[in-house]
Structure formats: C-alpha cells, structure tokens
Amino acid sequence: QVQLVESGGGLVQAGGSLRLSCVASGSTSRDYFMGWFRQAPGKEREFVAAISVWGNSVWYSDSVRGRFTISRDKNTIQLVMNSLTSEDTAVYYCAAGGTLNLSWASKRENDYDYWGQGTQATVSS
C-alpha cells in the first residue's frame, strides 16, 4: 500500500507560478514511476507530467511542455508550474505506478496504482 499526499495548490494570478509537491509513504517493496494528472470542471482527467523511477526520463503533455517541470527525490515529486493561464485551473492529482523498468513512466491513468486526494490550483486574471 502506498499513500500519496499532495500540497502546494492555491490561488495565483495569470503569468505566475506554483509549486506542487507529493510525498509517497507506505510500501517500499516495489519501485514506482510517478506522475501528475489534472481535472478541470466539466472535463475528463488528463495527463500532465510523469517521471521514471531513476528520474532520468520525463514526459509532458503538449499543453504544459516548456512551462512545467517535474522532478523527484526518491519517493517525493514536485511539479513547478510557470507561466500559468486560466486553462491550468484544475484539481491536480499525484499518482504512482509499479514498474520493473526504472527508466520509464506511463502517460495512461490505468497504469497507475495509487492516487492522492488532489490539490486545487486556481489561476485568476
């Protein structure tokens, strides 16, 4: 069992920045890639960013590439979000998935085994 706790959400003006953090605790018998997803009101949850177990490989959605940066320190990940717009307003979820490939991470929700409760990020004009 893995527990994920997000923090860092809040209210920020357009063009500003937020840094989200996620701390994983519990079972350490498996290696986990980790990622961020988000869900805006009335929309489906979408992939944002992911990082491999070793932290040597990262993936971003087209909409955030160049603005967001994902990083990890063991079982803690961060998402630095810059140049935020109203389209980034969403509940952001941290997730973890078990893998034998230490250099890979998934963009698919179904490949993730554990999810945090989410943290709200709101971008105002």
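This is a predicted model, so every value here is computed, not measured. (Residues numbered from 1 in each chain as written. Predicted model: local features only at pLDDT ≥ 70, side-chain atom pairs only at ≥ 80, totals over all residues. Heavy atoms only, no water.)

Asker: Summarise the state of the cysteines; cite the residues concerned and give the values.
Answerer: What the rule picks out here adds up to one disulfide. Across the disulfide from Cys 22 sits Cys 94; the S-S distance is 2.0 Å. One disulfide, between Cys 22 and Cys 94, carries an S-S torsion of -80° and so falls in the left-handed class. Note that Cys 22 is positioned in strand β3 (residues 18–26) and Cys 94 in strand β9 (residues 90–98), a separation of 72 residues in sequence. Each member of the pair, Cys 22 together with Cys 94, is buried. (Disulfide = S-S within 2.5 Å. Helix = DSSP H or I, 4+ residues; strand = E, 2+ residues; numbered from the N terminus. Buried < 20%, exposed > 50% of the residue type's maximum accessible area, 1.4 Å probe, protein only.)

Asker: I'd like a rundown of the sheet that holds strand β8 (residues 76–81), residues and numbers included.
Answerer: An order of β1-β3-β8-β7 is seen for the four strands of this open sheet, with the pairing classed as antiparallel. Two strands bound the open sheet, and with one partner strand each, they are β1 (2–7) and β7 (68–73). Each adjacent strand pair in this sheet contributes to an overall mean axis angle of 15°, direction not counted. Relative to β8, β7 runs antiparallel, the two being bridged by six bridges. Counted as the bridge partner of Thr 69 is Val 80 from β8. (Pairing = 2+ DSSP bridges. Axes fitted to C-alpha atoms, helices over the stretch in contact; angles between N-to-C directions.)

The values reported here are purely geometric and, on their own, carry no functional implication.
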